[in-house]
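A look at the structure
Now for the letters of each chain:
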Amino acid sequence: MEGVFFTLYWLLSSSLACRSFGLNQNLIIMIFKSYSIRILVLLFAGVLFVGCSSDDDNQDDPTDDTTGGTDDDGGSTDDDLEVARQASLDVLNGGDTITWKIATAFLETASGNLELTGNFNIEDDEFIFSGTNLEWRPANDVRTDATTADETLRDYYRSPIETSITFEPESSSELTALDGRISFSIADDGSLSAVIRPLPKGDGDLLLTLTQKTEADYAAPPAAGLNFTFDVTLLAPGYMGDGNGGLIGSYSENSLFLVHRDDTQSDGTSNPERILKYNFTDGTQTENLFFQSDFVTKRLNIIDDQLIAFGGQFANTYDIALGADPVSSFNHGLVLTRFGLAVQDDNAFIVGTDFTATANSNVTRYNYLTDALEVLGTLPAARFHAGTELINNKLYVFGGRDDFSGEIAFTESFIYDVDTGGTSTFDLPEPAFNTYAARVENLIYVAYETRVEAGEPGTFDDDRNINFGVYDTLDGSFTVLADNLEDSDERSTIHAITIFNGKLYVVYGNPITDENDVQIYSAPIE
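Computed from a predicted model, the values in this text were never measured in an experiment. Along each chain, the written sequence defines residue order, and numbers are assigned to residues from 1. A pLDDT threshold of at least 70 governs which residues receive local features in this predicted model, and a stricter bar of 80 or more applies before side-chain atom pairs are shown or counted, although totals over entire chains, interfaces and linings include all residues. No hydrogens and no water enter the side-chain calculation; it runs on all heavy atoms of the structure.

Located in the positive-phi region is Ala139, a residue other than glycine, with phi close to 55 degrees. For Ala139, the position within the fold is in the loop between strand 4 (133-137) and strand 5 (140-142). Positive phi, close to 55 degrees, is recorded for Asp179, a residue that is not glycine. Helix and strand assignments follow DSSP, with helices taken as H or I runs no shorter than four residues and strands as E runs no shorter than two, numbered in order from the N terminus. Within the secondary structure layout, Asp179 lies in the loop between strand 8 (174-177) and strand 9 (182-186). Classification of Asp179 as exposed rests on a relative accessible area of 85%. Here's how the labels work: a residue is buried when its accessible area is under 20% of the maximum for its type, exposed when over 50%, partly exposed in between, all with a 1.4 Å probe on protein chains only.

Dropping the structure here:
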């Protein structure tokens, strides 16, 4: 305390204090000798220094701005946030457009995380960023209420989803899309992770890390061609061939299904719809007969635990376990034969027209849930026996004929845009009488039949030759593939194809001269 008073004593006795207040220096010294008023002097000195300090302040300092947000260096935090957000967008889209793929995937469940990395329905996903827009191409869906990794292999093909991405408030590295169903996080090193929250609520979240997709990541035709091996002979009497059947694989059942109309087991009023199931797990075959009067052509689709046989007049929905009549049968009112069919979401897209007419083929959408039918558009020509597939809302129709029993085949093929209704064309390397198509990622595998005139004019005696190729939807190229199937028999040919578990499966044989000669072969394509 004495030190403080000594300092004040010196200051107040200085010439500055005397000049400022007109005080006699001796009077100040005498006052300080009275300890009783020292406290009052201390208070007086405090007021003096506050006043002097205020006099020295610059009241018009232009940097003293309390109206806007600034950081410690005087820069605007709003500007810095925008700069950081633009840097994050540049990571996502590279200033234009970048496609990302899934590097690792886990499904969050109550009992722990299931690793799904490398599964077919993970490998085919794409996330395409452009500006603040996102196109998510989920393709083969993931079952998110699963308790094992095998249960996540859902039999369901999804359409692309377009949405915008937005930053979380006050963040430059956390973004959301689809009303919060998808979250993205960009790390300091530029790596990208995502969380997908499926619907309905209660299903597990998908936890993903993403990496940029390169040209080497896209599916490519096998350089060595197709090396087929025999899998199984289906007991298929009455199988008419010539593109009338349907083939599909089920991941949930680990099985192949073949559908056809069996003209050898008529009950006197109708020929049954016959479905054969081959189970890879135990090697068993199951037969299911449903007696119904319908045209010969059948196509198959699977949605989760339901198997749908779409025929020329009826769409029949079965429990995938089979063993009973269909749970529903819908007369769709169309008059179809040797038509093309592809599936996306809950819809079948049918390419065909009334086979008794000469009109160009319609593209018709059929909804499996509501049984609603809608004609979307019309192709520039009629097409029968034309294999059809759908990738990213584009319907591909390969070759075929303009009459279901016609003798003229075409190279001309079509791409129908489901979104715009527009149609473009491309050509196969040879006129194809019958074609069959199966998709995998960006590729469509095509089996097609060419013919050489043999004996009397007409197609029945022609020598049927087997061909395979791959159409790449990215660049429109068609690659002809070598194969090792025995093709010396004039009548043996391909009758249906599908892709399942990394293999191309084909129904091959000569059911016209040998009713039991319907065999399934497979070739790896990965």
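Let us look at the sheet that holds strand 34 (residues 503-509). Strand order in the open sheet made by the four strands is 12-35-34-33, with antiparallel pairing throughout. Taken across any chain shown, the strands that pair with only one partner, and hence form the sheet edges, are strand 12 (229-234) and strand 33 (493-500). On average, adjacent strands in this sheet sit at an angle of 25 degrees to one another, irrespective of strand direction. Here a strand pair is declared whenever DSSP counts at least two bridges between the two strands. Across five bridges, strand 12 lies against strand 35 (residues 518-524) in antiparallel orientation. Its bridge partner lying in strand 35, Phe230 is registered against Tyr521. Between the N-to-C directions of two axes lies an angle of 0 to 180 degrees, each axis being a line fitted to C-alpha atoms and, for a helix, fitted only over the stretch in contact.

One side-chain nitrogen of Lys or Arg within 4 Å of one carboxyl oxygen of Asp or Glu is enough to make a salt bridge. On inspection of all chains with the given rule, the structure shows 20 salt bridges. Of the charged contacts in the structure, one is a salt bridge between Arg158 and Asp141, with a shortest N-O distance of 3.2 Å. With Arg158 in the loop between strand 6 (153-157) and strand 7 (161-167) and Asp141 in strand 5, the pair connects residues that are 17 residues apart, well separated along the chain. Across the pair, exposure class does not vary: Arg158 and Asp141 are buried alike. A salt bridge links Lys394 to Asp417; its shortest N-O distance comes to 3.6 Å. Of the two residues, Lys394 sits in strand 26 (residues 394-398) while Asp417 sits in strand 27 (residues 410-417), which places them 23 residues apart along the sequence. Overall, the relative accessible area of 15% leaves Asp417 in the buried class. Because the salt bridges share partners, they merge into one network encompassing Glu126, Glu135, Arg137 and Lys213.

Note on placement: Ala359 falls in the loop between strand 22 (347-352) and strand 23 (362-367). In what follows, residue pairs with any heavy atoms lying within 4.5 Å of each other are defined as contacts. Apart from residues no more than four positions distant in its own chain, Ala359 is found in contact with Thr353 and Ala382.

So far we have only geometry, and geometry alone does not tell us how the molecule works.
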